[in-house]
Amino acid sequence: MKMDSAAVEIDGSVMEGGGQILRLSAALSCITGSAIKITKIRAGRSTPGLRPQHLMGLQLVSDLCSGSLQGATIGSTDINLTPGKIQSGNHTADTQTAGSVCLLLQVALPCGLYADAASQLCLKGGTNAEMAPQIDYTVKVFKPIVEKFGVHFDCDIRLRGYYPKGGGEVMVTVNPVKELQPVTLTERGNITKIHGRAFVAGVLPFKLAKDMSAAAVRTIRKEIKELYINIQPVQEKEKAYGNGNGIIIIAESSTGCLFAGSALGKKGVYADKVGIEAAEMLLRNIRHNGCVDEFLQDQLIIFMALAKGTSRIRTGAVTLHTQTAIHIAEQLTQAKFTITKSEDELSSNVTYIIECQGSGVVNPNL
């Protein structure tokens, strides 16, 4: 255990200034063994300080690394985390709201990689919630790409949960690694496949799923004429709690890059509009010719920072979330990032290469 005087101070209000800073800082503290003090948590948000889902994420990390956590209460703007040894085995986290299980996984997964054996994480909350990846994104896009770093986890969706009730549950098994491999994703290739699912759950009529799917297909067709687009309308049966509707569409490229567009239904929003929103998000993310979409971009930073060797990833415009992730990763690890603009002579596309000399963290518990 390190004394508080050695704690690395993290300003929770910098750049994007949201829950992401908490998740990244806590995970990296757990992995590197550095105590952290995070101040001004979510200072600029309409409800500043810790919300229930952030609190749960911090408690999960503290639990994973047998740490001691101070200041962890709802609305708190300052916390201290002093990590201990990472514990494998069973861990449960329940947001008790529609707080996202995918965001809980974002904070817990990196920690589990550096345990002495496999970890089982039982995560409860929203699986398809606003302001967070949908669980389908985590499984279909995030998972295959992080596997390239040597990350292996299984995700069993026991129950889907939606806003506002939550009540979803996923069981995640994380396997430890000795060290992570660097990844190069710089060649986009051509889009070869577009598929997805449009779902309704609970009392909502199946027609909504068909309408979301049809509207999404129509929108994509306008721009991409040569591909068969298969967006399956689905009625979630017994594996869902509460009411919800939404859509996720995934595009695959010839080099194995994956991109997604998604949207969730809200009261009073036509199904067509939900389908179109997801389709436009997907199109926006494949137009720039980068190798990752705007959401995967920042989620890969922590793995680049931990890997041993140089990773290079081609992206579209670099998001504020990604810049924030780089800032935190450089503060808490020895990783060094550079971003280079790269202009294509043949088209008007501007892409960026995010390069990282990883810090090469070796698992001391394996």
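Scroll up to find the structure.
Residues numbered from 1 in each chain as written. Predicted model: local features only at pLDDT ≥ 70, side-chain atom pairs only at ≥ 80, totals over all residues. Heavy atoms only, no water.

Details of the overall build of the protein
Rules: Secondary structure elements follow DSSP: runs of H or I no shorter than four residues count as helices, runs of E no shorter than two count as strands, and numbering proceeds from the N terminus. The globule rule used here is 2.2 Å times the number of residues to the 0.38 power, and the radius of gyration it is set against is calculated over C-alpha atoms. Burial classes follow relative accessibility: with a 1.4 Å probe on protein chains only, a residue under 20% of its type's maximum area counts as buried, one over 50% as exposed, and anything between as partly exposed. Residues are treated as being in contact if the distance between any of their heavy atoms lies within 4.5 Å. The protein chains shown are the only cover counted for residues, whose accessible areas, like all others here, come from Shrake-Rupley with a 1.4 Å probe. Counted charges follow a simple rule, with Lys and Arg positive, Asp and Glu negative, and His plus the chain ends left uncounted. Note on charges: their place is set at NZ of Lys, CZ of Arg, CG of Asp or CD of Glu.
In terms of helices and strands, the protein carries nine helices and 17 strands. The globule rule puts the C-alpha radius of gyration for 366 residues at 21 Å, and the 20 Å found for the protein is close to it. When the backbone C-alpha atoms are referred to their principal axes, the protein occupies close to 60 × 50 × 40 Å. Burial analysis of the protein (366 residues in total) assigns 54% to the buried set. Put simply, of all contacts in the protein between residues at least 6 apart along the chain, 74% involve residues at least 24 apart. Carbon and sulfur atoms form 51% of the exposed surface of the protein, whose accessible area is close to 15,200 Å². Taking the average place of the 37 positive charges on the side chains of the protein and the average place of its 33 negative ones, the gap between the two points comes to 4 Å.

Some points on helix H5 (residues 206-223)
Put simply, the test is: Here the expected span of a helix is defined as 1.5 Å times the quantity of residues minus one.
Spanning 18 residues, H5 covers 27 Å between terminal C-alpha atoms, matching the ideal 26 Å at 1.5 Å per step. Taken together, the buried positions of H5 are occupied by Ala209, Met212, Ser213, Ala215, Ala216, Val217, Thr219 and Ile220. Looking at the packing, one finds that the buried side of H5 touches strand E10 (191-201), strand E11 (229-236), strand E13 (244-253) and helix H6 (271-287).

Quick word on the sheet that holds E11
The condition is simple: Here, a strand pair is defined by DSSP locating no fewer than two bridges between the strands. Helix axes are fitted to C-alpha atoms over the stretch in contact, other axes to C-alpha atoms as well, and angles between N-to-C directions run from 0 to 180 degrees.
The four strands lie next to each other as E11-E10-E13-E14, forming an open sheet whose pairing is mixed. Every interior strand has two partners, whereas the edge strands, E11 and strand E14 (258-264), have only one. With direction set aside, neighbouring strand axes in the sheet form an average angle of 15°. Of the strand pairs in this sheet, E10 and E13 are connected by 10 bridges, and their pairing is antiparallel. Within E13, the position partnered with valine 200 by the bridge is asparagine 245. Contacting E10, E13 and E14, helix H4 (residues 135-146) runs over the sheet at an angle of about 165° to E14.

By themselves, these figures tell us nothing about what the structure is for.
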